Amino acid sequence: MKKNIKKILLLIFVLVLIFLAYLLVNISLKEKTTNTPAANISTEQNSVGDIDSQEAAQPASEFVPEMMTSEEKAEMKLGAQLNLQVISRDADGKVEAYKIIRSESDIINLNQ
């Protein structure tokens, strides 16, 4: 009789552990799905009305770098043949920082 009670208590203990493990996994999966970029984009679009929906929904794999225009190169007295990526702009919209792009691997992906 004592052996049966011990077995029942052990079974209950194992079942409680399995239930707790299930709850922890379930909670962590819910947190991961709420922290995905797609979920964040939809909540940001609902809270901020002036976001362009196509631009906000654009995944990082479709990143298009902003390249310096010929006029900006001439204004900064840089060679027109140079391939330059704009890294940042000041409040007036003028190029503040740029990078010379010699190969595709030089491009800085600002979405990452």
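Up top is the structure these notes are about.
As the structure is a computational prediction, the values presented were derived from the model and not from experiment. (Residues numbered from 1 in each chain as written. Predicted model: local features only at pLDDT ≥ 70, side-chain atom pairs only at ≥ 80, totals over all residues. Heavy atoms only, no water.)

1. A word on the overall build of the protein
Each helix and strand in the protein was counted, giving four helices and two strands. When the helices and strands of the protein are read in sequence order from the N terminus, they spell out α-α-α-α-β-β. Per-residue burial over the protein gives 10% buried out of 112 residues. Sequence separation of at least 24 residues holds for 14% of the intrachain contacts in the protein that already meet a minimum separation of 6. With the model as given, the accessible surface of the protein reaches about 9400 Å², and the carbon-plus-sulfur share is 59%. (Helix = DSSP H or I, 4+ residues; strand = E, 2+ residues; numbered from the N terminus. Buried < 20%, exposed > 50% of the residue type's maximum accessible area, 1.4 Å probe, protein only. Contact = heavy atoms within 4.5 Å. Areas by Shrake-Rupley, 256 points an atom, 1.4 Å probe, with all protein chains shown as cover.)

2. Notes on the environment of M68
Its place among the elements puts M68 in the loop between α3 (53–56) and α4 (70–75). Of the residues examined, M68 reaches a relative accessible area of 6% and is grouped as buried. Through-space distance from the C-alpha of M68 to that of L82 is 9.3 Å; in sequence the pair is 14 residues apart. Ignoring anything within four residues of it in the chain, the contact list for M68 reads K73, M76, L78, L84, V86, V95 and Y98.

3. Digging into the environment of I101
Relative to the assigned elements, I101 resides in the segment after β2 (95–100). Residue I101 is classed as buried on the basis of its relative accessible area, which comes to 8%. Residues I101 and Q85 lie 16 residues apart in sequence; the distance between their C-alpha atoms is 6.7 Å. Those residues within four positions of I101 in sequence are excluded, and the remaining contacts are M67, N83, Q85, D106 and I107.

4. Re the pattern of salt bridges
Inspection of the entire model under this criterion finds two salt bridges. Between R89 and E66 there is a salt bridge, with the nearest N and O atoms lying 2.5 Å from each other. In this pair, R89 is assigned in strand β1 (residues 84–89) and E66 in the loop between α3 and α4, connecting sequence segments 23 residues apart. Residue R89 is joined to E72 by a salt bridge in which the shortest nitrogen-to-oxygen separation is 2.7 Å. In this pair, R89 is assigned in strand β1 and E72 in helix α4, connecting sequence segments 17 residues apart. On the accessibility criterion, E72 (15% relative accessible area) is buried. Put simply, E66, E72 and R89 are held in one network by salt bridges that share partners. (Salt bridge = Lys/Arg side-chain N within 4 Å of Asp/Glu carboxyl O.)

5. Some words on the pairing of β2
Consecutive side chains along a regular strand alternate between the two faces of the sheet. Bridge analysis of β1 against β2 gives five bridges, and the strand direction is antiparallel. When the sheet's bridge partners are listed, Q85 is paired in β2 with K99. Hairpin geometry of β1 and β2 is characterised by an intervening segment of five residues between the two adjacent antiparallel strands and by a positive phi of about 90 degrees at G93. (Pairing = 2+ DSSP bridges.)

Nothing here speaks to function; it is geometry throughout.
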